[in-house]
Every structure is written in structure tokens, then in C-alpha cells.
Amino acid sequence: MRLLYTLAWWLALPLVLARLWLRGRQEPGYRQHWGERLGFYGRQPAPAMDTIWLHAVSVGETRAAEPLIDALLAAWPACRIVLTHMTPTGRATGKSLFAKHGTRLVQSYLPYDTGAMPARFIRHFAPRICILMETEVWPNLIHQCNRYKVPVVLANARLSQRSLGKAQRLGKLITDAARGITLVAAQTQDDADRVRQLGVRDVVVTGSIKFDVVVPEAALATGAALRAAIGARPVLLCASTREGEEPLILEAYARASLPANALLLIVPRHPQRFDEVEKLIAAQGLAVQRRSGLAQGDAVAAATQVLLGDSMGEMFAYYAACDCAFVGGSLLPLGGQNLIEPAALGKPVLIGPHTFNFALVTEQAIAAGGAALVADADALMAQASALLQDPARLAAMGEKALAFANQHRGATPRTIAAIQPLLP
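The text that follows walks through the structure, step by step, so that each part is easy to find. (Residues numbered from 1 in each chain as written. Predicted model: local features only at pLDDT ≥ 70, side-chain atom pairs only at ≥ 80, totals over all residues. Heavy atoms only, no water.)

Let's shift gears to helix α16 (residues 359-367). Along α16, the residues that are buried comprise Val361, Thr362 and Ala365. Buried residues of α16 fall within an arc of 100 degrees about the axis and therefore sit on the same side. Turned more than 90 degrees off the buried face of α16, the exposed positions are Glu363 and Ala367. Residues of α16 that are buried make contact with α15 (340-344), β13 (349-351), β14 (371-373) and α18 (391-407). Looking at the residues trailing α16, positive phi occurs at Gly369, about 85 degrees. (Buried < 20%, exposed > 50% of the residue type's maximum accessible area, 1.4 Å probe, protein only. Helix = DSSP H or I, 4+ residues; strand = E, 2+ residues; numbered from the N terminus. Arc of directions from axis to C-beta. Contact = heavy atoms within 4.5 Å.)

Counted according to the given criterion, the structure contains seven aromatic pairs. When the ring of Phe121 is compared with that of Phe125, the centres are 4.7 Å apart and the planes differ by 45 degrees; the resulting orientation is tilted. One end of the pair, Phe121, and the other, Phe125, are both in helix α6 (residues 116-125), four residues apart, so they sit about a helical turn from each other. For the residue pair Phe121 and Phe125, the accessibility class agrees, reading buried in each case. Pairing Phe211 with Phe404 gives two aromatic rings, centres 5.5 Å apart and planes at 75 degrees, and the pair type is edge-to-face. Here Phe404 lies in helix α18 and Phe211 lies in the loop between β7 (203-205) and α11 (217-230), a separation of 193 residues in the sequence. Here Phe211 and Phe404 have matching classes, each one buried. (Phe/Tyr/Trp six-rings, centres within 6.5 Å; stacked < 30°, edge-to-face > 60°.)

Okay, unusual backbone geometry next. Even without a glycine there, the phi angle at His33 is positive, about 60 degrees. Tracing the backbone through its elements, the reader meets His33 in the loop between α1 (2-23) and α2 (34-37). The exposure class of His33 is partly exposed, given its relative accessible area of 38%. The residue Ser240 is not glycine, and still its phi comes out positive at about 55 degrees. Positionally, Ser240 belongs in strand β8 (residues 235-241).

It is worth spelling out the pattern of salt bridges at this point. Tallying each qualifying case throughout the model produces 19 salt bridges. When the shortest N-O distance is used, the salt bridge between Glu66 and Lys100 registers 3.2 Å. Taken as a pair, Glu66 in helix α4 (residues 66-75) and Lys100 in the loop between α5 (88-98) and β3 (105-109) lie far apart in primary sequence, 34 residues in all. For Lys100, a relative accessible area of 52% gives the class exposed. The salt bridge partner of Glu314 is Arg291, with a shortest N-O separation of 3.0 Å. Remark: Arg291 occurs in the loop between β10 (288-290) and β11 (306-308) and Glu314 occurs in the loop between β11 and α14 (315-321); sequence separation between them is 23 residues. Arg291 matches Glu314 in its accessibility class, with the two residues each being buried. Several salt bridges share partner residues, and in doing so they unite Asp275, Glu278, Arg290 and Asp310 into one network. (Salt bridge = Lys/Arg side-chain N within 4 Å of Asp/Glu carboxyl O.)

Below, the structure written as C-alpha cells:
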């Protein structure tokens, strides 16, 4: 099966590269560092310290990895980290977050999973361990790690029932890869049980590292400045929205009985969709401003009904600036996004019915009173309207969200303790 998978990769590679080039029209970062994606790194002097390899596919995983990366560099001061990504937005986020570590953190794109390319990566960087964040299972990468005696850890791992079914349909390809994983540090007991069904031998439950993320002071300052630009108006944030959700939200907003001066703040998950979403807002006849159009000291116009969050790396700032937050990817069957960040800022959280990627944390947040489930976009607007017009209820729900987030901290030291025997 793995040989067929490898052949499929080589046959598809021209199409993969063509797609990469086309995506570069909207995101120029996709046209940079192609050699890294193919496993070519040029001649570089050997590093003066051992290497820990950590892979975080995109923005969310990179931000979630911050507490773990900080802890790894503190626990192993004689090591550096090579941080790999698949997307330019993930790479840009990593550059912003980890500039503080200087030369102890190096970034690269993950090589395509052809077999030869991961092997070249391993020979070049000579990692002592490979740590994959959350759901990344690459059969050839894991095979080459096994071949070169590099332990593989799946950290902050989550596996929904739907994803387990997909993996099982791939049969021996995935089960062989799963057996090649040395250790899985799972977010929940349910995740651990599902991972074991794939054949992983060593699985521990450590909790979600995302609860350990510390909100940067700079993000809080940016959020405060944005809130000052908005003024005293109530703000409903729709964060990490996905394709198909914005029309539902905008149509419901137009029908809703929100407070007359309420501002809708929409932040699409994918930056290549910013222009598209602006057109959707205008098509609804709503007055729109873009975050990128606000110079320092500018105010959001009183007539503006929708503010489009079209900046990268400011999600904490958007959460800080809002009164309540809806977490996107959940109105449609897309699995939802993580609600830990708004909860950690003490914001009441609204979330749609499709949360299978974060089922347990969503259930726990709802049970704690810090989040509420909404059936559709109209229910979202109705709940938001009720909260925004009831300051006492809004504050109480925010306090419960913050208490929920604080209660679940501590996954990072548990993950470090699990990794320690693999990295003397």
C-alpha cells in the first residue's frame, strides 16, 4: 500500500506544484522556498546543537505549539528546534511568535511525502526526535523516521470519530503508519481510545496544550486600540468563518433585532477569501470597513455595520475587542474551530451544531456555562442580541468561560514529561 501511495505522490507532483503556483497568485508565499518542499536545502554548516523537529501545519497548530516550543527549549537548552509548516500563513505566524528564540529556532516547509524527500530532510537536519502536532500522519515521513531511528511523537493529538472512519478505510497504509508512531499524547480519553484503534501502542492522555497558550501583551494592546477605534458600540465577533457561512451570517444579521448600533466583526479563516467576503457584505447592502484600512488613531465610522477583519496574526486582538464571539466552521458540517482562545479571554462563546473536531471541549465549555450552542445563523443572532442587551448575563457567561479555560491548564508539562524518556 505504501508503495502505491508513493507512486501516486510522484504522479501527482506536477499537479501539486501547478496548484502551488496558482495559489501563489493570491498568497505570494506559496511561490517561495520551493526547494524545501522538495527536500533540497543547499549547503549549510552543521548546527552546533542537537535538533528537535516539530511540525505545525498551519496557523492554528503553530499558535497551539507555542507553549510546547517554549517548554522544549527550556527543558533541553543544548537543543534547537526546526519548525516545519505546510502553509505560508503558518510560517509567517511562526516567524512572528518565535523571533524571541533567535537562532535556536529554524523554519522550513515540510517536504512532500514522497519518501525520498522526507529522507533528505532527515539526513540534512539530523533530528533527534520528530513531534507532529494534532492530526498530522504522513506514512512515508513516519517510515523514514523509523528507518533513521528517529522517534515520532504525535502531540496534542485529536481524532474525531469521522476521521477515524476515514483512516480505517485507508487500511494498511494508515495502520502501518500508526504503528510507526512511538508515542501519542492525546487531548482526551476519547481521542486516545480512537488512536489505539489504529494500532498505536503507547498512548497517554495529556489534555489540550491550547489551554496553556498565554495571550501576548501586544495582542491585548492591539485589541484595546481596536476597541477604542470602535467605541462603546456592542460588538459581535464571528471568528474563523468558512466558505458558505458568511452569507448565512449576513442574511441573519440583516433580519435580526440586534441593538441598533451593534457592530458585526467578521474574520474569515482563510486570507485568500478577504476580498470575496467584502463583496458578500456589500451585496447585502451593508456598510463595511476593512481592518487593514484603519490607520493608527482612526475610528470605525458610526455608519459602519460590518468590520472585516482582514489582517493576519491578530485573532487574540479581535477576541479582546469583542463583547461576545461566535466560533466559525460550525454552522456547516466542517467540524468547527477551537473555542479555547475566546474562553481564555473571558468572552462568552457561541458555537454552531457541527463541532465534531472539538466535540469534548465544546461539550465541557457548554456544561461550564461559558459557551452556548446555536442551531443556525438566526439562533446565533437571537442569542447574541439577548446577551448584548443584558450586561449582567454577558459578564457572568464571560467569567464562566474564563474559569473553564483556567481549569484545564497543564497539558504542556504533562507532554514534556511524556517526551522526556525519548529525548535524553
